[in-house]
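These are the residues of each chain, in order.
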Amino acid sequence: MSIAADLRAPKTDHRGASRSQTAGGVVLVCGTRPELIKLSPLMRHFGENGAIVYTGQHYDDSLYSRIRADLPPSKQFHELGVTSAGRGAQLGEAISAIDEVLNAYSHPVVLVQGDTTSALAGALAANARTLPLVHIEAGLRSHDRAMPEEHNRVLIDHVADLCCAPTDLNRLNLLAENIPSERIAVTGNTVVEALRAALPSAGDRADVLAARGLHRDEYVLATIHRPENVDDPERLAEILREFGELPLPVVFPLHPRTGKSVERFGLTRLLKPLLVLEPQAYPAFLALAAEAAVIVSDSGGIQEEVSVLKRPVVVVRRSTERPEISGLFGVLVPPGPLIGVETAVWLNDVAGHRERLSRLPSPYGDGSACRRIADAIEARFPLV
């Protein structure tokens, strides 16, 4: 029997856990917008034969409602509403809630993606029930122990039964930590498929720009949301000042976390030179990214997306777990004057850089990651 077979939708209680058991199948655990985006190809692949557990780790209506509307329909969408604020409390609450859902299924294969608290919670809940665990986007390493995500991804990889590594470098990272090769599959990254499915046509992208008075290659797209950048008032102020001094208009979709920090630290004045937008639906954001002269961001996902969109990125972080794009599609800089310096390098010949990047293949694969992951799962965990 295929791994995707016979996962019927049971009745659920208020937490999403079932009162009756369902045999086999897959359960995909996620809790943030990037996870929902990257898992969407697998959600579509498994369809009604897969269950989705959404913890609500990063619940914000301006982000969640937009991406939820774009997801494939599922009768087995368990929304847990994890609300604890602290990392430890959030992890504990999520493990308990996910465990309750997993109790509804008889030995499913559990899939987690990336390095979030929700991914770690799903991994630990699966491990506690001795369920097969698959880590999508395994083997990423920043070698920066100050990042909570680094601890999460290492822990998940070491309890996973199958590590789906996007690149050969990720595979080498896993082997260096003595994870057996038979537990590793190099698959590419599902972000390629997710992006291609969501990217608007050239005409629709032009409409998105026109609605905001923008022109192709004549603006910078900026996003900042990581705690290391927005939870420190001096660092956040320095970044926003750099944005305000760039020579092109800066389009700035304001992440809810960043917006709260701007208000709390009294930095609203630094937003005045920027074109501040509310969080964008994924297709609209991709339209802005595809037509920008350069992107400045601290997002991990954007580092992958630029390799598909063929746009340059200035990564404002102290470290990155995605070195594959460095020197090709982007450059890593700390908060401060280097933001302006490196952005200017990309602005010195926008058309030339666009043409050169268009010839570079994405290190994250050719758009077949979903199939490769599904094949690896079925090969390792055949259900009988």
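Residues numbered from 1 in each chain as written. Predicted model: local features only at pLDDT ≥ 70, side-chain atom pairs only at ≥ 80, totals over all residues. Heavy atoms only, no water.

Undergrad: Which parts of the structure should I look at to understand the overall build of the chain?
TA: When you go through the chain residue by residue, the secondary structure sums to 16 helices and 15 strands. Residues classed as buried in the chain amount to 58% of the 384 residues present. In the chain, the share of contacts with a sequence separation of at least 24, taken over all contacts with a separation of at least 6, comes to 68%. A total accessible area of about 15,300 Å² is found for the chain, and carbon and sulfur atoms account for 53% of it. (Helix = DSSP H or I, 4+ residues; strand = E, 2+ residues; numbered from the N terminus. Buried < 20%, exposed > 50% of the residue type's maximum accessible area, 1.4 Å probe, protein only. Contact = heavy atoms within 4.5 Å. Areas by Shrake-Rupley, 256 points an atom, 1.4 Å probe, with all protein chains shown as cover.)

Undergrad: Mind showing me how you'd approach the pairing of strand E14 (residues 313–316) here?
TA: Look at any regular strand and the pattern is simple: side chains alternate between the two faces of the sheet. Residue alternation in E14 divides its side chains into two sets, Val313 and Val315 and Val314 and Val316, and both sets are buried. Across three bridges, strand E13 (residues 294–297) lies against E14 in parallel orientation. Directly across from Ile295, in E14, lies its bridge partner Val313. Traced from E13 through helix H13 (residues 300–309) to E14, the parallel crossover comes out right-handed. (Pairing = 2+ DSSP bridges. Right-handed = clockwise from strand over helix to strand, strands pointing away.)

Undergrad: What exactly am I supposed to notice about the state of the cysteines here?
TA: By definition, a disulfide links the sulfur atoms of two cysteines through a covalent bond. For the coordinates displayed, the defined rule picks out zero disulfides. Cys163 provides the cysteine sulfur closest to Cys164, a residue in no disulfide bond, and the two sulfurs are 7.8 Å apart. (Disulfide = S-S within 2.5 Å.)

Undergrad: Which parts of the structure should I look at to understand the sheet that holds strand E7 (residues 133–136)?
TA: Through backbone hydrogen bonds, the strands of a sheet pair up, either in parallel or in antiparallel fashion. If you walk across this open sheet you meet the seven strands as E4-E3-E2-E6-E7-E8-E9, and the pairing is parallel. Two strands lie at the open edges of the sheet, namely strand E4 (77–79) and strand E9 (184–186), each paired on one side alone. Each strand axis lies, on average, 20 degrees off the axis of its neighbour in the sheet, ignoring direction. As paired elements, strand E8 (residues 162–165) and E9 share three bridges and run parallel to each other. Counterpart to Cys164 in the pairing with E9 is Ala185. Of the strands in this sheet, strand E2 (26–30), strand E3 (50–54), strand E6 (109–113) and E7 touch helix H1 (residues 33–46), which is tilted by about 165 degrees from E2. The strands that helix H6 (residues 168–176) touches are E8 and E9; relative to E9, the one it contacts most, it runs at about 165 degrees. (Axes fitted to C-alpha atoms, helices over the stretch in contact; angles between N-to-C directions.)

Undergrad: I tried to follow the packing of aromatic side chains on my own but got confused; where do I start?
TA: What describes a pair of aromatic rings is the distance from one ring centre to the other and the angle between the planes of the rings. Counting across every chain of the model gives two aromatic pairs. Seen from their ring centres, Phe243 and Phe252 are 5.8 Å apart, and the 70 degrees between their planes marks the pair as edge-to-face. Take Phe243 and Phe252: they sit in the same class, and that class is buried. (Phe/Tyr/Trp six-rings, centres within 6.5 Å; stacked < 30°, edge-to-face > 60°.)

Undergrad: Would you take a moment to explain helix H12 (residues 282–291) for this structure?
TA: For an α-helix the count is 3.6 residues per turn, leaving residues at separations of three or four pointing the same way. Taken across its ten residues, H12 has nine buried, putting it largely inside the fold. Buried residues of H12: Tyr282, Ala284, Phe285, Leu286, Ala287, Leu288, Ala289, Ala290 and Glu291, and no others.

The quantities given are spatial measurements derived from coordinates; they are silent on function.
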